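For reference, the chains in residue letters:
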Amino acid sequence: MLLPKARGTLSEQLFTALREEPGTAVVLDAAVADDAEDRAIALWASYELHYRGFEDVDDRWEWSPDVLRVRAGLEEVLESELRERYDAHRPERTSDRVEDLAKDLFDYIAAHDGPSMARYVQTDATEAQTMELLRQKSVYHLKEADPSAWVVPRLPTGPKAALMELQFDEYGDGNPARLHQHLFERGLEAAGLRSEYGAYVDEATVPVLESNNVQSFLGLHRRLRAASLGHLAAFEATSSIPSRRMAQGLERLGFPDEIVEYYREHVEADAVHEQLAVRDICVPLVEMEPTLADDVFLGAFACLDTEDRQARDLLERWGVDA
Ligand SMILES: [Fe+2]
Ligand SMILES: [Fe+2]
């Protein structure tokens, strides 16, 4: 992947610096960002240095203090905006007993009421809209499960084993052909779209970039490990039924079987993953570290909120009443 197009003053400065030799003195300041879009693409690129990197960027930039400093400034904005929104949607828990956590978490996720992109695809979306959705979704699905992988070494025995069980499935159960990222890649190709990692990042909407950034942010900070797992729990718990709707919508529109298969795979897999994520990962972690309970809900909110914002933004562009 090559560096994406800059979207403002900060990303322009950052990408210009990244094309230089590492160690080149650069002055980067998150405060010069023009707007949310400029911040989102700059943060996305600074995170990608930790994933697959860029062909036009020397890998040593990953740990450059200059880049880390600008990343920290961008994360500060991301976190304070996220916490502000969460404060308005904090769960009203009647007890903080760990025994109630699973039920409270499932209830919190179920009570969340956002626009359903999957329902729209199931019954009404056009082929062009669905193609656009797949391009937007490719930014995440081509690295599906990777942001949660950062958390593995930070967990105690029980939650670690359970997270690895879930991740093993995401990574194909030992079969590269079943890797979820790869299933999506094959689906994109069959649908006549580009399947290289990051192929569509230049057209990614701000909510899509922000949703990717939130996952990397939670995954890369040890202090937010419980939020990363709460995000995972909400992601898995809101995937099975929408995946069935997506599969039906894609079939309705005559999309090739490979892309339908990606969603079919998630109908059953995520019905299992949601149980693992809530009961075997989040609950035992909070049992061991009770102060992490609120972070689990923060993470769950982050998932629901960023998914909503992506859906609402696209539906609005298409003139659909959500
Ligand atoms: Fe998956
Ligand atoms: Fe899953």
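Definitions and cut-offs
- Residues numbered from 1 in each chain as written.
- Chains lettered and ligands numbered in written order.
- Predicted model: local features only at pLDDT ≥ 70, side-chain atom pairs only at ≥ 80, totals over all residues.
- Heavy atoms only, no water.
- Donors = N, O, S within 2.8 Å, 3.2 Å for Na, K, Ca; no water.
- Tetrahedral: all angles 85-135°; square planar, octahedral: opposite > 155°, others 65-115°.
- Phe/Tyr/Trp six-rings, centres within 6.5 Å; stacked < 30°, edge-to-face > 60°.
- Helix = DSSP H or I, 4+ residues; strand = E, 2+ residues; numbered from the N terminus.
- Buried < 20%, exposed > 50% of the residue type's maximum accessible area, 1.4 Å probe, protein only.
- Lys NZ or Arg CZ within 6 Å of the ring centre and 35° of its normal.
- Polar contact = N/O pair within 3.5 Å; in protein donor to acceptor, adjacent residues only side chain to side chain.
- Contact = heavy atoms within 4.5 Å.
- Core = buried A, V, L, I, M, F, W, Y, C linked by side-chain atoms within 4.5 Å.
- Domains from an automatic or database assignment.
- Salt bridge = Lys/Arg side-chain N within 4 Å of Asp/Glu carboxyl O.
- Arc of directions from axis to C-beta.
- Axes fitted to C-alpha atoms, helices over the stretch in contact; angles between N-to-C directions.
- Parallel < 35°, antiparallel > 145°, perpendicular 65-115°, else oblique.
- Left-handed = near helix turned anticlockwise from the far one by under 90°.

K.L.:
Any chance you could explain the coordination of the iron ion (ligand 1) here in plain terms?
P.N.:
Ideal donor angles around a metal are set by the shape: a four-donor tetrahedron calls for 109.5 degrees, a six-donor octahedron for 90 or 180 degrees. For the iron ion (ligand 1), every protein donor is listed as E144 (OE), E170 (OE), H180 (ND1) and H266 (NE2), and the spread of their distances is 1.9 to 2.2 Å. Considering all 4 donor atoms around the iron ion (ligand 1), angles at the metal cover 83 to 169° and the coordination shape is irregular.

K.L.:
Got a minute to help me understand the packing of aromatic side chains in this structure?
P.N.:
Two measures describe an aromatic ring pair: the distance that separates the ring centres and the angle between the ring planes. Taken as a whole, this structure holds 8 aromatic pairs when the rule is applied. When the ring of W44 is compared with that of F54, the centres are 6.2 Å apart and the planes differ by 65°; the resulting orientation is edge-to-face. Here W44 is found in helix α2 (residues 36-48), whereas its partner F54 is found in the loop between α2 and α3 (65-87), with 10 residues between them in sequence. For W44, a relative accessible area of 2% translates into the label buried. We classify F54 as buried; its relative accessible area is 5%. Judged by centre distance (4.9 Å) and plane angle (85°), the rings of Y262 and Y263 are edge-to-face. Here Y262 falls in the buried class, since its relative accessible area comes to 2%. Put simply, the rings of F184, Y262 and Y263 pair up and form one aromatic cluster. Cation over ring: K143 sits above Y51, and NZ or CZ is 4.3 Å from the ring centre. When the ring centre of Y200 is taken as reference, the NZ or CZ atom of R194 above it lies at 5.9 Å.

K.L.:
I tried to follow the side chain of S46 on my own but got confused; where do I start?
P.N.:
Of note, S46 is situated in helix α2. Looking at S46, its side chain comes within polar contact range of the main-chain oxygen of L43, at 2.9 Å. Excluding residues that lie within four positions of it along the chain, S46 makes contacts with V67 and R71.

K.L.:
Help me understand the coordination of the iron ion (ligand 2), please; the structure alone is not making it clear to me.
P.N.:
Protein coordination at the iron ion (ligand 2) comes from E170 (OE), E236 (OE), E236 (OE), D270 (OD) and H273 (ND1), with a distance range of 2.1 to 2.6 Å. Mapped onto the sequence, the donors of the iron ion (ligand 2) take the spacing E-x65-E-x33-D-x2-H. Residue class for E236 comes out buried when judged on its relative accessible area of 2%.

K.L.:
How should I be thinking about the nonpolar core in this particular structure?
P.N.:
Nonpolar side chains tend toward joint burial in soluble globular proteins. In this structure, L18, W44, L105, L229 and Y263 are the most contacted members of the largest nonpolar core, which totals 109 residues. Among the domains, domain 1 (9-86) and domain 2 (93-317) are the pair contributing at least three residues each to this core. Sequence-distant contacts of W44, defined by excluding residues within four places in its chain, comprise M1, P4, F54, V139, K143, V201, L209, N212 and N213.

K.L.:
Help me understand the environment of V151 in this model?
P.N.:
Inspection of the secondary structure puts V151 in the loop between α7 (146-149) and α8 (157-170). Assessed through its relative accessible area of 1%, V151 is described here as buried. Residues V151 and A226, spaced 75 residues apart in sequence, show a C-alpha to C-alpha distance of 9.0 Å. Filtering out sequence-adjacent residues up to four positions away, V151 remains in contact with L163, G219, R225, S228 and L229.

K.L.:
Which parts of the structure should I look at to understand the pattern of salt bridges?
P.N.:
For side chains bearing opposite charge, pairing can occur when the charged atoms are close. Evaluation of the coordinates by the stated rule reveals 29 salt bridges. Close ionic contact of R194 with E196 constitutes a salt bridge, the shortest N to O distance being 2.9 Å. With relative accessibility at 44%, the residue R194 sits in the partly exposed group. Among the ionic pairs, D308 bridges to R312, the shortest N-O distance being 3.8 Å.

K.L.:
Honestly, helix α9 (residues 180-190) in this entry has me stumped. Any pointers?
P.N.:
One turn of the α-helix equals 3.6 residues, which is why residues spaced by three or four share an orientation. Every buried residue of α9 is listed here: H180, Q181, L183, F184, G187 and L188. All buried residues of α9 lie within an arc of 160° about the axis, which places them on one face of the element. Contact partners of the buried residues in α9: α6 (127-141), α7, α8 and α13 (257-288). Downstream of α9 by a residue or two, G192 has a phi angle that is positive, lying close to 85°.

K.L.:
When you look at the packing of α6 against α9 in this model, what are you seeing that I'm missing?
P.N.:
Helix packing geometry: the angle between the two helix axes and the distance between the axes. Packing of α6 against α9 leaves a shortest axis separation of 10 Å and a crossing angle of 155°. Taken together, the axes of α6 and α9 are roughly antiparallel relative to one another. Along this stretch, α6 crosses α9, giving a crossing that reads as left-handed. Listed contacts from α9 to L134, K137, S138 and H141 of α6 are Q181, F184 and L188.

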